[in-house]
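Residues per chain, in single letters:
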Amino acid sequence: MFETFYPDAWMDSTYQIDFDELYKKGYRGLIFDIDNTLVPHGEPADERAKALFAHLKKLGFSCCLLSNNQLERVQMFNKDVQVYFIEDAHKPSRKNYRKAMELMHTDLSNTMFIGDQLFTDVYGAKRTGMANILVKPIHPKEEIQIVLKRYLEKIVLHFYQKNRKSGRI
């Protein structure tokens, strides 16, 4: 029942992902959520985020920010990383995951999504047929509507871990 929401991989942080290895495996497009995936909610790009995107560009990745936030928020973050972006994305709708691939000139075989929420980020990527990585939220401060989702995520991730340990994933 919960398998629909299981991520392809689950990492502690975006900044622990081996992007060099993803590139070697043939990935060329990376789609990122912003808040609590790259920086704490509402924050601008910090030095770590700027360094990450500089490294990704040097490797040859095309990147896109896919956010349910409004234009002003996404532009504020993107000012210092300068990648493609889509605001007001209506995740988990598939439409803008596909639009991001169009912008980056990639497809499902070579695009990866990275985000911190199961029911929007990962579920949308899975619905689209896209590889995905769930990362733990950077900061515990959340908007009220996300607090309930986090509780439900804990239930799904409990079964995800249990099934991984038993070899059913």
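Conventions we followed
- Residues numbered from 1 in each chain as written.
- Predicted model: local features only at pLDDT ≥ 70, side-chain atom pairs only at ≥ 80, totals over all residues.
- Heavy atoms only, no water.
- Helix = DSSP H or I, 4+ residues; strand = E, 2+ residues; numbered from the N terminus.
- Buried < 20%, exposed > 50% of the residue type's maximum accessible area, 1.4 Å probe, protein only.
- Pairing = 2+ DSSP bridges.
- Right-handed = clockwise from strand over helix to strand, strands pointing away.
- Axes fitted to C-alpha atoms, helices over the stretch in contact; angles between N-to-C directions.
- Contact = heavy atoms within 4.5 Å.
- Salt bridge = Lys/Arg side-chain N within 4 Å of Asp/Glu carboxyl O.

Draft legend 1. Unusual backbone geometry, seen in detail. Of note, the amide linkage connecting K91 to P92 takes the cis form, showing an omega dihedral of 20°. Looking at the secondary structure, you find P92 in the loop between β4 (84-86) and α4 (95-104). With phi around 60°, H105 is a residue other than glycine that occupies positive phi space. If you trace the backbone, H105 turns up in the loop between α4 and β5 (111-115).

Draft legend 2. Expanded view of the pairing of β5. Counting buried positions along β5 yields 5 of 5 residues, so the element is predominantly enclosed. Neither face of β5 is open: one carries T111, F113 and G115, the other M112 and I114, and all of them are buried. With 4 bridges connecting them, β5 and strand β6 (residues 131-135) associate as parallel partners. Within β6, the residue paired with M112 across the bridge is A131. What joins β5 to β6 is helix α5 (residues 118-128), and the crossover it makes is right-handed.

Draft legend 3. Here's a closer look at the sheet that holds strand β2 (residues 29-32). Pairing in this open sheet of 6 strands is parallel, and the strands run β1-β6-β5-β2-β3-β4 from one edge to the other. What marks the edges here is a single partner per strand, and that holds for β1 (9-11) and β4. Going from strand to strand, the sheet's axes swing by 20° on average, the running direction of each strand aside. In this structure, strand β3 (residues 62-66) lies alongside β4, joined through 3 bridges in parallel fashion. What sits directly across from C64, in β4, is Y84. Seen against the sheet, helix α3 (residues 71-78) touches β3 and β4 and runs at an angle of roughly 160° to β4.

Draft legend 4. Quick peek at the pattern of salt bridges. Within this structure, the stated rule accounts for 6 salt bridges. Of the charged contacts in the structure, one is a salt bridge between R73 and D35, with a shortest N-O distance of 2.5 Å. Separated by 38 residues along the polypeptide, R73 in helix α3 and D35 in the loop between β2 and α2 (47-59) bring together distant segments of the chain. Residue classification places R73 among the buried positions, given a relative accessible area of 11%. A salt bridge links K50 to D80, with the nearest nitrogen and oxygen atoms 3.9 Å apart.

Shape is all these values report; function is a separate question.
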